[in-house]
Each structure stands twice: as C-alpha cells, then as structure tokens.
Amino acid sequence: MYNKFFGFKEKPFKLVPNPEYLFLSKSHEETLAHLTYAISQGDGFVEVTGEVGTGKTTLCRVFLENLDKSIHAAYIFNPKLDALQLLKAINDEFGIDSEPDNTKDLIDRLNAFLIEKKGAGQKALVLIDEAQNLSLEVLEQLRLLSNLETTQEKLLQIILVGQPELRDMLASHQLRQLGQRITINSQLSPLTYVETKDYIRHRITLASHRAGPPFAKASYNAIYEYSQGIPRLINIACDRALLNAFSRNSFNISGSITKEALRELRGKKTGLLSGLFQRAAGVVIISAIFIPVILLLLFIANGEAPKIPDISKLLSPERVTQAEPQRDIPVEGQIVELSAPSEMPVALQAEAPGALQENSLPESHAAESGNNIETLTAHINNSGSPLATGTPNAEQKVPNSMDKQKFGAYLQKLNSRFSRNISIEGILKLWLPTTEIKINQDKIIADQLFFEEEAKLYDLELKSIATESDLAFIETQNLPVIFTFYLTGHTWPKYLAAAYIDTEKVYFFADAQSQTVSVDRDIFLQYWSGEAYIVWKNFKNLNWVISQGSRGQDVLTLKKLLLRLGYSSVIITDSYDNDTVQLIKDIQAKHSLHVDGIVGTFTKIALYNESSEFIKPSLVRFAEAKTENGS
C-alpha cells in the first residue's frame, strides 16, 4: 500500500523469516558463532533458546543456508510429532527411505546413510525449531539417535531451538540423561535500545530504492518502549507507523505519528480484553439468575434446603498457604544424578525430607540472610549422626573440618533455597569485600537465572560448567565457584560456595556470616555432581565471542590487552587476523583450554588471569593450579 510512496521495493517490516533481512545483534552474532563452532567440532547436542519473536527461525534459516555443501541438514519445523513420525520426517529430509512403519528399520536406514556420509568426509545434522513442543517420548528418541556414533565421534549432530520453556525441560531431573549431552547452549536476547534503532534503519535500507523515511528520535523511543526490543513487535509497530504516515501524506515518521499508531495497536489488545470481560460479566449475571432458581427447585424436590459451601472457608489464608509452592527447575549446565556412596552410614540413606521441606526457605532464614549456622546444622552432632528435629542448640557449631560422615549428614540436612542464597552471597563478598551485599532471597526463579541476576547487580557475570573430571579445570580458572550437589531421594539441588581450595581440602561457606568449613578433597568429590558456576568479571567489556574474521571495537580492545600483557608482536587493527588467532591458540594451550582460537568466556578469564592489574579473588591457595582439557 505504501511501498511506492516511500520508495520501497517491498515492505520492510513483513512478519516472515526472510534471511536477507537478518540483523545481527550482539546476541544473534554470538549464537550464530556458537552454532558454527558446534558444527566444526562435531558436538552432539546444541540448545538455542529465545523468547517469542526474537528471531530464532530467521537465524536458523540463515545458518542452514550458509552451511558448507559437505554438511547435510534435516530441518524439522513442525515438532508436534510422535517418535515414529519424527524418524520418518528426518529420513524424508535426508532423502532416504521413510516407508517402514517401525523404529528399528527407520534407524537402520538412517544409520547406513550416516556411515556412508562419514566415509565420504561429510557431516549430518538435524535442526528442530519450536522444540519446546516436543514430547518426552520424542526427546528420548532424540537422545537415542545421538548414540549413533563411531569410536571417535558422533555421526549425527542435533540442534534444538525453542522458547525458554525448552531450557526448563532439558534441565529437569526427568530428562537429565539428555541434559547431560547438551554441550553448547545459547540464548537469544531482545535488542537493546541502540540495536533497535540500528535494526529499523537496517530493514529500511534493504527495502529502499533510495534513502528511506527518517524516524524521529521520539519514534525510536516509543517503539522501543512498546516492543521491549522484540523484533517481531518492532516490525508490527514500524509497519503501523509507516501506514499512519502514509495516510497523512507525511514522508517523515514523527513521534506523534508513531505514538498514535501504537495507541491503535494497544487499543486492539484493550478491545480484546474488554470483550472477554463483557462475556465473563454476562456469565456471572446469568449464573446469578439461574443458580437461585436451581436451588429452589432442589428444595421443592427434596423437601430440604441444599447445603451451600462456605466460600469464606475455601478462600481462607490457612487453606491457601497449605498449597505446595511451585519452584522452577535450574537451567543450563549438565545435571548428573549423584547416588549416595555405598559406604554412606545407613542412617543417612533413610528417606530424605520432602520437597516442600527441603526447598521452602525456613522462616528463620527467610527473615534475614545473616542467620547463625546452628539453624542449618542443629541436626548434626559431634559424631555426624542426625539428631532429632527440634529447637537448635545455641551452643552447637559446625566443626572446622568435616569427615565423610559429617559432610554427608550436612548435605542431607542442608536446605536447598538457603544454600542457594548463602552461596551467591558468599561469592559476592569475595569479589566485593567492602560492599554491603543484599540479595533477593525470596525470588522464585530457576537457580541459574537467580545467580545471573544477582551477579549482574554487582557488574559480575556467571558461567556454568559441567565436567566429569576432578577439580583441576576449575582450579585452572582460579575464580570463586559455586558447586552443585544432587542427592538421591532429594528433589532439589544443594549448593556450596568454595571460599578457597588447597592441595588437601575444599573450604566452603557454611553460613551468611561467611564462616568457612573444610572437607577433604576426596570426600568432596564423592558427593559433587560435576556441575558448577564460576562468577567472573569482564574487566575490559569484551562482550562478543571473537572468532576468525571478526572485526570491530572488541577486536581492538583485545589486541590492546594483549599488548599490555607483553605480546609485542600484535598489530593494532580492528581485524582478528591470523597472527592474533595463533597467539590466542598459544594462550589457550598454555592454560589447558580447548585450542580453537575463539575468544569465549574461558579464554577471556585466562587473559584476565595473566594480568596483575585486575583485582580479583583467587580460588587456589598454597598450590599451583592443575590442568585439564576445557573449552
């Protein structure tokens, strides 16, 4: 309608996933780099999540269109299939026989195809969009497909793309086997205000035969406020603003034109809600008329008045508070089910406390974070045996060092929510010893998101890590860390924040006053799940993942940092050239990281660790950090 007026060759803000219009924000570029890296390394499972309208499908199509010809891809965009239908769809996409109606024959044909391509030096991947709609049965079938492998590598790579609910599904205890196989996860975030402006200009430039219509600053402000950086909502808002400007014969998109357009869009929502309200009100009125009539008829038929429930009792606070609270499952990281060691005392293998008890924050903890450790450990006597529940003994303290029995008993009685709170609080105090730390103890969100949000408040970042090895790789990072524990019979994870580690013991925070308690490393490792969270600081604000071919300010900042670290061969340009890539590979090898030349989180940590100008807490004391392969 308005294309000719504004000089567009096509509408710039159509709601279709056109790869030509892809705008690479920081988040989108990082996710695309993760996908490219995953394919190059042959990683089994990759997870990409993002809110509705953040551009997941468009990004998927760009990724698929730019794959090397040696990579065969099956794109599944309708995941509401059962396990058999999914296998048929995958075989169809690969162009192989999908006629059999049984799982075995379909997998046999798929396996033969994958082995043939592997022999020819080619790769195969399956990308499933809207994966949050997959059933548990289908997710389990995908896990089984990932078992198609040689002795050296996977034959099939699987990329799951979906809304944030997908993260919760994969992090659930029920899907822990699949969750453990997620090697890379990436999250698409909404655009920032600056990115929103650039996104609008980007699409107009692509659609215009000449300079497109200018948007006023007030228009950008209004569109960002309306959309909150969600590309789909930006498209809707811009399309309506252009239509309003066209109807006024105005080439300029002023603030008043845009605000009027947004009022119309909001009016649609209001109208919808108003209609729903009117229909609900009608139901209430009809019910008010007919229910007394029905009750009267029952009275006439039975000769006695029917009993009417006391609504006040149904809605009483006592009744409401009896409901079991809902709690999000932690997201990301590879969850490992940890069974109690066989030598564990029989008393500790008894039935564990219920989920409500172990996850609900005790009143004594909910009121104030600075609670005495006696509340946590009142059930452990000097021999480590569980004591009868009751009022904590004010004289009772956790010993400075725990043996295996005491440590096991401590974990069994540790409250999940309380352990989460004191862990992040202890870590933040290590980073900011002179700052008053206040955390939102009662926030009911997934634990990793809780850690991330609290860290961000103090300009810190969080990195999840999962390893089946010992503490060596974590010691290499030499930064404060939160360890995760999964105990048999307990629904929720428990957390311990390490104050420091030496050659013999792990010293962890046991209360909000940062009292530390130690346990032998060997004992600690018997209980630790292999999952942890490292809290780090991005001192130079290297916000992007830097890979070969990257350009821009982050590359300049990286090169200047390398010069300050003594790498004098670096040439200051904004291009991530081959010489710098090789230098980064040398640094990665030195720090026992995965050698790929990509500057991700662990490489940034390694660079910051090489410099004495950055003030940061150290995890390792009285020992040199060991090494272990990382990423």
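First, a word on what this report is: a plain description of the structure on this page. (Residues numbered from 1 in each chain as written. Predicted model: local features only at pLDDT ≥ 70, side-chain atom pairs only at ≥ 80, totals over all residues. Heavy atoms only, no water.)

**Observations regarding the sheet that holds strand β4 (residues 157–162)**
So, step 1. Judged by pairing direction, the sheet is parallel, and its 5 strands sit side by side in the order β2-β3-β4-β1-β5 without closing on themselves. The open sheet is flanked by β2 (71–76) and β5 (182–188), the only strands paired with a single partner. Put simply, the sheet's adjacent strands are angled 15 degrees from each other on average, direction ignored.
So, step 2. Relative to β4, strand β3 (residues 123–128) runs parallel, the two being bridged by 4 bridges. Looking across to β4, one finds that L125 is bridged to Q157.
So, step 3. Across the sheet, helix α3 (residues 56–65) is in contact with β1 (45–50), β2, β3, β4 and β5; its angle to β3 comes to roughly 165 degrees.
So, step 4. Contacts between helix α6 (residues 136–145) and the sheet are confined to β1, β3 and β4, with β4 contributing the most and set at about 150 degrees to the helix. (Pairing = 2+ DSSP bridges. Helix = DSSP H or I, 4+ residues; strand = E, 2+ residues; numbered from the N terminus. Axes fitted to C-alpha atoms, helices over the stretch in contact; angles between N-to-C directions. Contact = heavy atoms within 4.5 Å.)

**Some remarks on the side chain of Q163**
So, step 1. Tracing the backbone through its elements, the reader meets Q163 in the loop between β4 and α7 (165–171).
So, step 2. Of the residues examined, Q163 reaches a relative accessible area of 18% and is grouped as buried.
So, step 3. If near-sequence neighbours (up to four positions away) are discounted, Q163 is found in contact with T49, G50, V52, K56, E130 and Q132. (Buried < 20%, exposed > 50% of the residue type's maximum accessible area, 1.4 Å probe, protein only.)

**Overview of the packing of aromatic side chains**
So, step 1. Under the counting rule described, the total for this entry stands at 28 aromatic pairs.
So, step 2. Aromatic side chains F5 and F6 sit 4.9 Å apart centroid to centroid with 85 degrees between the ring planes, which places their arrangement in the edge-to-face category.
So, step 3. Judged by centre distance (6.0 Å) and plane angle (55 degrees), the ring pair of F450 and F451 falls under tilted. With respect to burial, F450 and F451 carry one shared label: buried. (Phe/Tyr/Trp six-rings, centres within 6.5 Å; stacked < 30°, edge-to-face > 60°.)

**What to know about helix α20 (residues 447–456)**
So, step 1. Burial within α20 is extensive, with 7 of its 10 residues counted as buried.
So, step 2. Residues of α20 that are buried in the fold lie against α19 (416–431), β7 (461–466), β8 (481–485), β9 (494–501) and β12 (531–536).

**Some words on the pattern of salt bridges**
So, step 1. All chains considered together, the criterion is met by 21 salt bridges.
So, step 2. The salt bridge partner of E140 is R143, with a shortest N-O separation of 2.5 Å. Taken together, the residues span about one helical turn, with E140 and R143 both in helix α6 at a distance of 3 residues.
So, step 3. A salt bridge links E610 to K590, with the shortest nitrogen-to-oxygen separation between them at 3.1 Å. Taken as a pair, E610 in helix α25 (residues 601–610) and K590 in helix α24 (residues 578–590) lie far apart in primary sequence, 20 residues in all.
So, step 4. Of the residues examined, E610 reaches a relative accessible area of 23% and is grouped as partly exposed. (Salt bridge = Lys/Arg side-chain N within 4 Å of Asp/Glu carboxyl O.)

**Observations regarding the packing of helix α9 (residues 193–207) against helix α11 (residues 231–247)**
So, step 1. For the pair α9 and α11, interaxial distance at closest approach is 11 Å and the crossing angle is 60 degrees. Judged by the angle between their axes, α9 and α11 are oblique. As α9 runs across α11, the sense of the crossing is right-handed. Only P231, I234, N235 and C238 of α11 make contact with α9, whose side of the interface consists of T196, Y199, I200 and R203.
So, step 2. Taken together, the residues of the contact of α9 with α11 sort by class into 5 nonpolar, 2 polar and 1 charged. (Parallel < 35°, antiparallel > 145°, perpendicular 65-115°, else oblique. Left-handed = near helix turned anticlockwise from the far one by under 90°. Nonpolar A, V, L, I, M, F, W, Y, C, P; charged D, E, K, R; others polar.)

**Comments concerning the nonpolar core**
So, step 1. Counting residues in hydrophobic clusters, the biggest one holds 73 residues, and the most contacted among them are F407, F483 and F524.
So, step 2. The greatest single-element share of this core, amounting to 7 residues, is contributed by β9.
So, step 3. For this core, the domains that each give at least three residues are domain 3 (401–536) and domain 4 (550–610).
So, step 4. Excluding its chain neighbours within four sequence positions, the residues that come into contact with F483 are L471, I474, K494, Y495, L496, A498, I501, F524, W528, E531 and A532.
So, step 5. Counting 34 residues, the second largest nonpolar core, distinct from the first, contains A89, V126, V138 and M169. (Core = buried A, V, L, I, M, F, W, Y, C linked by side-chain atoms within 4.5 Å. Domains from an automatic or database assignment.)

**Comments concerning the pairing of β1**
So, step 1. Counting buried residues in β1 gives 6 out of 6 residues, a clear majority hidden from the surface.
So, step 2. Because side chains alternate across β1, one face comprises the buried residues F45, E47 and T49, and the other comprises V46, V48 and G50, equally buried.
So, step 3. Pairing between β1 and β4: 5 bridges, direction parallel. Bridging from a neighbouring strand, E47 pairs with L160 of β4.
So, step 4. As paired strands, β1 and β5 are joined by 6 bridges and run parallel to one another. Residue pairing in the sheet places V48 in a bridge with S186 of β5.

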